[in-house]
Amino acid sequence: MGVIQHDVIIIGAGVAGLTAGAILAEKGYNVALVAKGEPTACLSTGCIDICSLDHDPLHGVSHLPDEHPYHLVSRAVIRESIEKFKESMAQMGFSYIGSPETNRYVLSALGTFKTTCLVPSTMAAAPQDEKDDLHIITFSGLKDFYPSYITARRKNASFSTYDAGASTTMGLATNFEREDFLEKFISWLEKLNIREGKIAFPAVLGLESAGMITKKIEERLGRKVFEIPTIPPSMPGRRLFNALKDYFRKKGGMIYWSWPVSGVEKTKKIIEAVTSPSEGRPKSLNAKAFILASGSFVGGGLTARRDTIVENIFNLPVLVPGQRDNWFDSDYFSLNHGIGKAGIIVDSSFRPKEADWENVFVCGGIIAHTDVLKNGCGHGMALATGHAAAASCMGYIK
Amino acid sequence: MINFEHCIRCTICVENCPVFRVNPDFPGPKQAGPDAQRFRMEKEKSVDNWVLLCSQCKRCNMACPCGVDPAEIILQAQQRYGLQHPRTLAHLLFANNYYLSALGSLTAPVANKVASTKIGKKIFHAMGITTYIPFPKFSFKTMKSEKKKKSKAIKKVAFFYGCFINFYRPDIGRKIIRLLESFDVDVVLPEQWCCGLPALGNGNLAIARYFAQKNAASLSNYIDAGYDVIYTCTSCGLCLMHDYPGILEISLAKKITENTYDLHEYIIGLIDDGYIEPQFVEVKRKIVYHIPCHLRALGIGYPAAKIMAMIPGLEYEIFDDTCCGLNGSYGFKKTNEETAVQLGTRAVSLIKKTGAENIMADCGSCRMQLGGLSGMDALDPAEIICESLGITDEK
């Protein structure tokens, strides 16, 4: 008992895992996803970086080093993964704008630009140059969001502070979901007589209905409105996670929360089941194939020991970027950290190289040579490899 | 195990905390848990009364990517605080909810009448108990008065029905018995007490342990005689599976956890083993399946959802991001009323947006809250299964 047959088990509830899961579930496979905790996607800005090295992200991709996993995915699949993502997010009421042909900017809380590709509709109006004049709204007591950083960098910017009775991003977003609060807030805004062409907010304009709230403020004020990503707790990151998760479930996927994988059952070249610690009888889930999408270090897929790096689920061989001295550059902002290359080397079928397993596929941040920070390719790479790994997995279990 | 050092301060737990969303007095699981733990010294009296604002929904534990269990750290702090400070009347009453309910049930006609009058409500308020949703109605005929049917079935279960079913909704309990009997499963009702969770939630470790030891001894006898234990209330379940071996340190806990199942998990198992092939008949309902926080925390997936998928005609949508806010006795305390009402109202407004006709939840307290605030019928999954199979609570 306690063992139920699945076609595929996905390990990890991040962008890659949920994407791969949704594709398989949509095709009618019986998919379960197990998660130890919530993914690092919740900590992200919610923006989808494909490759930030060039104004044309796909052009940027073609200039990445040969070992980069993007080269295992065709341009067509990258495009398809982006289109599919936009389509599914729109269905979940959390629209994205942008195209894989051009990168765009979002304004950061420091007043600098961050290069990305797709942005939530709530960030669509972010300025793309120094020209736009902005009025920034902040909230009393909100930590780590100081508009003076922005006004110090931009000429035509000023700000006002609103006392919302909450001082955390989560508390503010919850307030914005209440109609009475939103009404009161908008009438306060109207009295400010804002002259600037655009109004900027920290990204706290609701959780479930951010798109509608942004629109409502735009209509009432007759001004373009956009959100500026905050450090975690990041509402756009959570909205992204919620939408991906709900989409996966809508397609028929099942999620097991509080299910850290602690062991595997195997015969020869096949993984039969994964197990999870339990105070009582063993918890076990079996499947025909497994997709490893457990993320890198912060996500919990990889653990760095003093001299080596290990993969935590299947104990797959890990690319370790030389001696520990090479893991980190002395200048943090150079982003030339060897550790960014650590991960699992995969072949063109997204199976781990130099491992025996026929039915294990790998996608997302745990893959080697991604260098996510340096290349600005986090979520985009997760989408593309999620698609590719799911396709390869389907070919196997057919 | 307390492993607060593993916290990397990512705040994912904070994003998941329902209380933090609506109550600015609660600093959130990160600060109340791992952050504050550094300053909690064995020899010093605890001063952080805000730990009592935590509802123990366990969402922070489930969210943490680093294996820190903020809710467990806070639970221990709550017990310490409870031990070192005078308890309020409401805390004492709810810790002893079992006796309170037993009394209410014994005097059901009178007790229900009193609870619904103005004076009754005044008494409740004076004791620090809220009445924004009606106090559940006591049932005069509890599960304990059920007669055992003789059976020669191979599968045998001891049914841990829990206080809610026993004192307030024994009709659901009876339906579950009929359901299992229709599956050719022998059902017994072992001698049982409150699981201990309300006492833990009200900072009263001693009472919780007292109940837990009595239950463990009783259930253990049945396990020795070849019975599996099943629970239907997911909070009782979490207490048996998680707190008995954990904070309550019950010596028989291992045996209990190895042989205890969620009702729907058990039914799925019977189907999986080919022991039964239930012929589900169409149920034309559109429901929202509200996942109780403690079902999610059990880490067994959502077994009832698997059964719902087998019922023709049933349309259901799973909601597992919204805590109903009541959390057993938590929301019945005056100090938590506002938190509970805000969370409940939000959950109800999301449910209403779907156009569903009914709410379904495994947990009686979730049903009370969501049903009470929405005016919709809130059903137990077992009620829907019974509807589909034509089973009633009458023999």
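Because the structure is a prediction, the values reported are computed rather than measured. (Residues numbered from 1 in each chain as written. Chains lettered and ligands numbered in written order. Predicted model: local features only at pLDDT ≥ 70, side-chain atom pairs only at ≥ 80, totals over all residues. Heavy atoms only, no water.)

Caption draft 1: Spatial organisation of the overall build of chain B. The helix and strand inventory of chain B stands at 21 helices and 8 strands. For chain B, whose C-alpha radius of gyration is 20 Å, the value lies close to the compact-globule estimate of 21 Å for 395 residues. Along the three orthogonal principal directions, the C-alpha set of chain B runs to about 60 × 45 × 40 Å. The 395 residues of chain B split such that 64% are buried. Taking all contacts inside chain B whose residues are at least 6 apart in sequence as the whole, residues at least 24 apart take part in 78%. Here chain B displays about 15700 Å² of accessible surface, and carbon together with sulfur accounts for 56% of that area. Charged side chains in chain B number 45 positive and 40 negative. The centres of these two groups are separated by 7 Å. (Helix = DSSP H or I, 4+ residues; strand = E, 2+ residues; numbered from the N terminus. Rg over C-alpha atoms; globule rule 2.2 N^0.38 Å. Buried < 20%, exposed > 50% of the residue type's maximum accessible area, 1.4 Å probe, protein only. Contact = heavy atoms within 4.5 Å. Areas by Shrake-Rupley, 256 points an atom, 1.4 Å probe, with all protein chains shown as cover. Lys, Arg positive; Asp, Glu negative; His and termini not counted. Charge placed at Lys NZ, Arg CZ, Asp CG, Glu CD.)

Caption draft 2: Expanded view of the overall build of chain A. Of the regular secondary structure elements, chain A holds 10 helices and 17 strands. The C-alpha atoms of chain A give 22 Å as radius of gyration, which agrees with the globular expectation for 398 residues (21 Å, within 12%). In chain A, which comprises 398 residues, the share counted as buried stands at 57%. In chain A, 65% of the contacts between residues at least 6 apart in sequence involve partners at least 24 apart. For chain A, the accessible area works out to roughly 16000 Å², and carbon and sulfur atoms hold 50% of it.

Caption draft 3: Structural detail: the interface of chain A and chain B. Contacts between the two partners involve 34 residues from chain A and, on the opposite side, 45 residues from chain B. Across the chain A to chain B interface the summed buried area is about 3500 Å²; carbon plus sulfur atoms make up 52%. On the surface where chain A and chain B come into contact, there are 7 salt bridges. Between glutamate 208 of chain A and arginine 21 of chain B there is a salt bridge; the shortest N-O distance is 4.0 Å. For the side of chain A that touches chain B, the element with the most residues is helix H8 (residues 235–250) of chain A, which contributes 4 residues. Looking at side-chain class alone, the side of chain A that touches chain B contains 16 nonpolar, 9 polar and 9 charged residues. (Buried area = accessible area lost by both parts, 1.4 Å probe. Salt bridge = Lys/Arg side-chain N within 4 Å of Asp/Glu carboxyl O. Nonpolar A, V, L, I, M, F, W, Y, C, P; charged D, E, K, R; others polar.)

Caption draft 4: How the structure looks around the domain arrangement of chain B. Residue and element names in this part refer to chain B. Split by domain assignment, chain B resolves into domain 1 (4–84) and domain 2 (286–389). The C-alpha-based centres of domain 1 and domain 2 are spaced at 25 Å. Contacts between domain 1 and domain 2 engage 14 residues on the former and 16 residues on the latter. Of the roughly 1200 Å² buried at the junction of domain 1 and domain 2 (both faces included), carbon and sulfur atoms supply 55%. It is Val22, Arg59 and Met62 in domain 1 that bury the most area against domain 2; as a group they hold 44% of the surface buried on that side. Our count for the domain 1 to domain 2 interface comes out at 0 salt bridges. Along the contact surface separating domain 1 from domain 2 lie 5 residue pairs in polar contact (both at pLDDT 80 or more). Where the side of domain 1 that touches domain 2 is concerned, the elements lending two or more residues are helix H2 (18–22) and helix H4 (59–63). For the side of domain 1 that touches domain 2, the element with the most residues is H2, which contributes 4 residues. (Domains from an automatic or database assignment. Polar contact = N/O pair within 3.5 Å; in protein donor to acceptor, adjacent residues only side chain to side chain.)

Caption draft 5: Quick look at the packing of aromatic side chains. Following the criterion strictly, the structure yields 31 aromatic pairs over all chains and no others. Judged by centre distance (5.7 Å) and plane angle (40 degrees), the ring pair of tyrosine 99 of chain B and phenylalanine 211 of chain B falls under tilted. Of this pair, tyrosine 99 of chain B sits in helix H7 (residues 97–106) while phenylalanine 211 of chain B sits in helix H13 (residues 205–224), and the two are 112 residues apart along the sequence. With relative accessibility at 0%, the residue phenylalanine 211 of chain B sits in the buried group. Taken together through their ring pairs, the aromatic side chains of Phe139, Tyr162, Phe176, Phe181, Phe185, Trp188 and Phe201 of chain A make up a single cluster. One cation-aromatic arrangement involves arginine 281 of chain A over tyrosine 261 of chain B; the distance from NZ or CZ to the ring centre is 3.6 Å. The ring of tyrosine 227 of chain B has lysine 156 of chain B sitting right over it, with the charged end atom 4.8 Å from the ring centre. (Phe/Tyr/Trp six-rings, centres within 6.5 Å; stacked < 30°, edge-to-face > 60°. Lys NZ or Arg CZ within 6 Å of the ring centre and 35° of its normal.)

Caption draft 6: Representation of the sheet that holds strand E6 (residues 315–319) of chain B in the model. All names here are of chain B. The strand order across the open sheet formed by 4 strands is E6-E5-E7-E8, and the pairing between neighbours is parallel. Of all strands in the sheet, those with a lone pairing partner are E6 and strand E8 (377–379), marking the two edges. Neighbour-to-neighbour, the strand axes of this sheet turn through a mean angle of 30 degrees, independent of strand direction. Note that strand E5 (residues 286–290) and E6 share 5 bridges and pair parallel. (Pairing = 2+ DSSP bridges. Axes fitted to C-alpha atoms, helices over the stretch in contact; angles between N-to-C directions.)

Caption draft 7: Spotlight on the packing of helix H3 (residues 29–37) of chain B against helix H5 (residues 70–84) of chain B. Residues and elements named next belong to chain B. Two elements in contact, H3 and H5, have axes separated by 8 Å at closest approach and are oriented at 75 degrees. Of the possible angle classes, the one that applies to H3 and H5 is roughly perpendicular. Together, Pro29, Ala32, Gly33, Pro34 and Gln37 of H3 and Pro70, Ile73 and Ile74 of H5 make up the contact between the two elements. In terms of residue class, the contact of H3 with H5 is made up of 6 nonpolar, 2 polar and no charged. (Parallel < 35°, antiparallel > 145°, perpendicular 65-115°, else oblique.)

Caption draft 8: View of the domain arrangement of chain A. All names here are of chain A. Domain boundaries in chain A define domain 1 (5–95 + 238–397) and domain 2 (109–228). Look at where the C-alpha atoms of domain 1 and domain 2 centre, and you get two points 33 Å apart. Contact with domain 1, which involves 15 residues of that partner, is made by 17 residues of domain 2. Per-residue buried area on domain 1 facing domain 2 is highest for Cys47, Ser95 and Arg239; these three make up 42% of the total on that side. Counting the contacts that link domain 1 with domain 2 gives 2 salt bridges. The interface formed by domain 1 and domain 2 includes 9 residue pairs in polar contact (both at pLDDT 80 or more). Only helix H3 (75–91) and H8 provide two or more residues apiece to the side of domain 1 that touches domain 2. When the residues that make up the side of domain 1 that touches domain 2 are grouped by side-chain class, the tally is 7 nonpolar, 4 polar and 4 charged.

Caption draft 9: Geometry of the sheet that holds strand E9 (residues 198–202) of chain A. All names here are of chain A. The 4 strands lie next to each other as E8-E7-E9-E10, forming an open sheet whose pairing is parallel. Taken across any chain shown, the strands that pair with only one partner, and hence form the sheet edges, are strand E8 (157–162) and strand E10 (224–228). If you compare each strand with its neighbour and ignore which way they point, the axes differ by 25 degrees on average. Relative to E9, strand E7 (residues 134–139) is paired through 3 bridges, and the arrangement is parallel. Looking at the pairing, leucine 134 lines up with lysine 198 of E9. Against the sheet, helix H6 (residues 179–191) makes contact with E7, E8 and E9, and its axis sits at roughly 135 degrees relative to E8, the strand it touches most. Its contacts with the sheet put helix H7 (residues 210–221) on E9 and E10, and the angle it makes with E10 is roughly 140 degrees.

Caption draft 10: Representation of the side chain of threonine 138 of chain A in the model. Residues and elements named next belong to chain A. Along the polypeptide, threonine 138 turns up in strand E7. On the basis of relative accessible area, threonine 138 is assigned to the buried category, the value being 5%. For threonine 138, the residues in contact, after removing those within four places along its chain, are Phe145, Pro147, Phe159, Ser160, Thr161 and Tyr162.

Caption draft 11: Geometry of helix H11 (residues 170–182) of chain B. Residue and element names in this part refer to chain B. Under the 1.5 Å per step criterion, the end-to-end length of H11 is 18 Å for 13 residues, consistent within 8% with the ideal 18 Å. For H11, the tally of buried residues reaches 10 of 13 residues, placing the bulk of the element in the interior. Of the residues making up H11, those classed as buried are Pro170, Ile172, Gly173, Arg174, Lys175, Ile176, Ile177, Arg178, Leu179 and Leu180. Backbone geometry just downstream of H11 places aspartate 184 in the positive-phi region, at approximately 65 degrees. (Expected span 1.5 Å × (residues − 1).)

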